[in-house]
Amino acid sequence: MEREYYSIIKELSRIHIVPYHKWNNKAKKIIKDLLGDIPYFITPNGSIFIGEECEENIKSNKICLQAHLDHPGGRLYYSKQQNYMYCKFYGQSSCQKLIGRKFGAFTLGESKSINNLEVEHCNKNSNDYITLFFKPNKEIMKEYESGDLVIHYNSSLVVDESIKNWNLDDILNSALIIYLLKDKKYRGHYGLLTINEEVDHSGIYEFLNITIDKNLYFISMDTIYDESNINNDFGIRIKQGRVKLDKFIPNNFKNNINEKYKGKIPFGESEAITLTKENASNIGLFVKIKNFHNGIPFKKFQEEEIHIEVFNEYINFVKYIVDSMDMYLTLERLKFFKVSKDKLKINIRNYCNDIRDIILECRDYTDYLIKGAQNISDIFSKYNLNIPNMNNHIFYNCKKNLENKEIMEIDKMEVEEIVGYLLDNISNLFDIEKDDLFNYIKDIDISQIILGNFNACNIFHPRPMIILSNDQIRGEDIERVMTHELTHYITRNIWRGINLPGIAKTYYDEGLAIYISAKKCKLTIREALTLKEDEYVKYMGNIEKLREWFLDYLRGNNVSFYKGNIHEYFIEKQVPHPFYANTKEMPRYGYFLGALETKRMIEGGNYYEKLLCK
């Protein structure tokens, strides 16, 4: 067993899968050689499904072993203007103790690093990523000119009393799945190796999208930090954070298993959480490793490690779980989420008159503060919205306007017509069956209010919903606004499952909503963007500058390199956010760029294929 299993780890490590991985021919060949005669396919966004040659062949009522392939890291970029290299390093949120640390630069398909790069500067950007900055060297620059390079902790597989490698989270389980499925005993089960677990779980979302009409039982396997306060070195995820994860575990099995194997993980995310929230039948397994994420979150810097004795026990535990779930599946006692094929329901709620009555019934501003504000808050809090910020002057102006203003209302038949138009167009663009797209959305909930600080928006918690602030929408704009928001609503699951960083998803999501609303309402892109003629001319005249801003923001290039007479150092630069009004010069430029690029991609043909190559 040992030699074959370690060989799988070594080969998977050569692919250097970090978040937002893109497959090249070398990496594809490694997977093909590893799986041999086992059928498999790579999904459009980069996950590997083992057991069938295409998604159409996937059968229901089967077990699917699942783990993630990606590990913290990122793609390497070079700034010609500033003469430094940088990497948006996904899966980490801490810069502490990283200055002076050395990371390896790799080409996909090669075992050894080209060379090491020493961290000169580090910026924390969000909970998902940091940006590392390096001085370039000639060896890496030579390789950089010829293709994509990735950055991650530099180590290779070592096996003695322990297994050590840079990426045991979660190559450990990914290799185990391949090893088990090579065994004739387990050949009848499926395997799923996802990408982007470290950032947005888009791999598992995509797979749930393409198997929406299939019933699979997932055994989701992942590693955790070894100092977590849990009874055993491995076991079943009963709870993680505030999310209960035992919903789909058979009661008889759960009641009979030793308590030491029941783990309540105190923090973190996992694909077991995503599967449970999406009502996909699953049992989540965990195994502890040392130096989780190479120890970076814990101010260490080491290869990940697990003791061989512990891992051998874990393998036997996984086999026991697979055999047990197989038995329950045979007895048809496992819970499955059933897809509803009911007619699309459109629910429209109207709070406009309720809010207007609250304002008009207030005698004065004091009366509003005593009772009116609380009554409005009761409505707004349903959607986690802040109540209007009213002073005495604003209150009386608002009351005067509401006495004389007729508030527009949404027509349900018009919404149904727009939804039908969008289902036709979106199913064609993304090459999705209309019935499958229908299943993505199920119900459409629309709530109408007034006095919002927006004209319309989508919210997704506690449930998906479109909110319209009707007093902010002109009658002639309602078709455009509804088309725009319904496009977001209908494509939400598609964007969640696509292999793009969050800001890029927003870029193409907004671009598509603007383009389709322009097409539906027979408007120009400028009109759909609601830009004045002179504003549009200004944006067009500065389009290269705007593209540079967007690329810098997308890649995390938010510093410049200062060379003084004595010292050289990095200083932070302000890169305007593509979708915020945080620059007076050309605010929200991401909408403009996204709409133009979407128009070019769609009208050039093969929109979805182009999107996947980004």
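Scroll up to find the structure.
All residue numbers refer to positions counted from 1 along the written sequence of the respective chain. Local features are withheld for residues below a pLDDT of 70 in this predicted model, meaning they are given only at 70 or higher, and side-chain atom pairs are given and counted only at 80 or more; totals for whole chains, interfaces and linings count all residues. The basis for every side-chain value is the complete set of heavy atoms in the structure, and neither hydrogens nor water enter the calculation.

### Quick word on the overall build of the chain
Thinking step 1. Helix and strand definitions here come from DSSP, where helices need a minimum of 4 consecutive H or I residues and strands a minimum of 2 consecutive E residues; each element is numbered from the N-terminal end. The helix and strand tally for the chain stands at 20 helices and 24 strands.
Thinking step 2. Both definitions apply: the radius of gyration is a C-alpha atom measure, and the globule rule equals 2.2 Å times residues to the power 0.38. Against the 2.2 N^0.38 benchmark of 25 Å for 614 residues, the chain shows a C-alpha radius of gyration of 27 Å, consistent with a compact globule.
Thinking step 3. Here the C-alpha coordinates of the chain stretch approximately 80 × 75 × 50 Å along the principal axes.
Thinking step 4. Out of the 614 residues in the chain, the part that is buried amounts to 57%. Exposed residues in this analysis have more than 50% of their type's maximum accessible area, buried residues have under 20%, and partly exposed residues fall in between, with area computed by a 1.4 Å probe over protein chains only.

### Structural notes on the packing of helix 1 (residues 2-13) against helix 4 (residues 168-182)
Thinking step 1. Running from amino to carboxyl end, helix 1 crosses helix 4 at an angle of 125 degrees, the nearest separation of the two axes being 9 Å. What the angle tells us is that helix 1 and helix 4 run oblique. Of the two possible hands of crossing, helix 1 and helix 4 adopt the one that is right-handed. On the side of helix 1, the interface is formed by Glu 4, Tyr 5, Ile 8, Ile 9, Leu 12 and Ser 13, while helix 4 contributes Ile 171, Leu 172, Ser 174, Ala 175, Leu 176, Ile 178, Tyr 179 and Lys 182.
Thinking step 2. Of the residues that constitute the contact of helix 1 with helix 4, the class distribution is ten nonpolar, two polar and two charged. Lines fitted to C-alpha atoms define the axes, with helix axes restricted to the stretch in contact, and inter-axis angles between N-to-C directions lie between 0 and 180 degrees. Our angle categories are set so that under 35 degrees counts as roughly parallel, over 145 as roughly antiparallel, 65 to 115 as roughly perpendicular, and the remainder as oblique. A clockwise turn of the near helix away from the far one marks a right-handed crossing, whereas an anticlockwise turn of less than a right angle marks a left-handed crossing. Contacts: residue pairs with any heavy atoms within 4.5 Å of one another. Residue type decides the class: Asp, Glu, Lys and Arg count as charged, Ala, Val, Leu, Ile, Met, Phe, Trp, Tyr, Cys and Pro as nonpolar, and the leftover types, Gly among them, as polar.

### A closer look at the packing of aromatic side chains
Thinking step 1. Paired rings are identified among Phe, Tyr and Trp, the last through its six-membered ring, by centres lying within 6.5 Å, and are further divided according to the angle between planes into stacked (under 30 degrees), edge-to-face (over 60) and tilted (the rest). Scanning the model with the defined rule gives 42 aromatic pairs in all.
Thinking step 2. Judged by centre distance (6.4 Å) and plane angle (70 degrees), the rings of Tyr 78 and Tyr 144 are edge-to-face. Residue Tyr 78 is located in strand 4 (residues 74-79), and its partner Tyr 144 is located in helix 3 (residues 138-144); the two are separated by 66 residues in the primary sequence.
Thinking step 3. Members of the aromatic cluster, each reached through a chain of ring pairs, are Tyr 5, Tyr 6, Tyr 179, Phe 234, Tyr 261, Phe 311, Tyr 314 and Phe 317.
Thinking step 4. Here, a charge over a ring means that NZ of Lys or CZ of Arg falls within 6 Å of the ring centre while also lying within 35 degrees of the ring normal. Directly above the aromatic system of Tyr 190 lies the positively charged group of Lys 62, at a separation of 4.4 Å from the ring centroid.

### Quick look at the state of the cysteines
Thinking step 1. In this description, a disulfide is simply a cysteine sulfur pair whose atoms lie within 2.5 Å. Going through the model one piece at a time under the given rule, you end up with one disulfide.
Thinking step 2. With a sulfur-sulfur separation of 2.3 Å, Cys 95 is cross-linked through a disulfide to Cys 122. One quick way to see it: the torsion about the S-S bond of Cys 95 and Cys 122 is about -70 degrees, and its sign makes the bridge left-handed. Of this pair, Cys 95 sits in the loop between strand 5 (84-90) and strand 6 (102-106) while Cys 122 is found in strand 7 (residues 115-124), placing the two residues 27 residues apart along the sequence.
Thinking step 3. On the basis of relative accessibility, which here comes to 19%, the residue Cys 95 falls in the buried class.
Thinking step 4. Judged by relative accessible area, which is 11%, Cys 122 ranks as buried.
Thinking step 5. The thiol sulfur of Cys 362 is not disulfide-bonded, and the nearest other cysteine sulfur, from Cys 398, lies at 10 Å.

### Structural notes on the packing of helix 17 (residues 533-541) against helix 19 (residues 589-603)
Thinking step 1. Interaxial distance between helix 17 and helix 19 falls to 11 Å at its minimum, and their mutual angle equals 75 degrees. What the angle tells us is that helix 17 and helix 19 run roughly perpendicular. Every residue of helix 19 that contacts helix 17 at Tyr 536, Tyr 539 and Met 540 is listed here: Tyr 589, Phe 592 and Leu 596.
Thinking step 2. Taken together, the residues of the contact of helix 17 with helix 19 break down into six nonpolar, no polar and no charged.

### A word on the pattern of salt bridges
Side chains bearing opposite charge may pair, as long as their charged atoms lie close to each other.
Thinking step 1. By definition here, a salt bridge exists when the distance from a side-chain nitrogen of Lys or Arg to a carboxyl oxygen of Asp or Glu is within 4 Å. A full pass over the atoms with the stated rule returns 28 salt bridges.
Thinking step 2. For the salt bridge of Arg 363 with Asp 367, the shortest nitrogen-to-oxygen distance reads 3.8 Å.
Thinking step 3. One salt-bridge network, in which partners are shared between bridges, spans Arg 349, Asp 445 and Arg 463.

### Some details on helix 1
Thinking step 1. By this rule, a helix spans an expected 1.5 Å times one less than how many residues it contains. Along its twelve residues, helix 1 runs 17 Å from first to last C-alpha, staying within 8% of the 16 Å computed at 1.5 Å per residue.
Thinking step 2. If you check which residues of helix 1 are buried, you get Tyr 5, Tyr 6, Ile 8, Ile 9, Leu 12 and Ser 13. Considered in projection along helix 1, the buried side chains sweep an arc of 150 degrees and stay on one side of the axis.
Thinking step 3. Considering only its buried residues, helix 1 is in contact with helix 2 (25-35), strand 10 (158-159), strand 11 (162-165), helix 4 and helix 8 (308-330). Think of it as the arc spanned by the lines of direction from the helix axis to the C-beta atoms.

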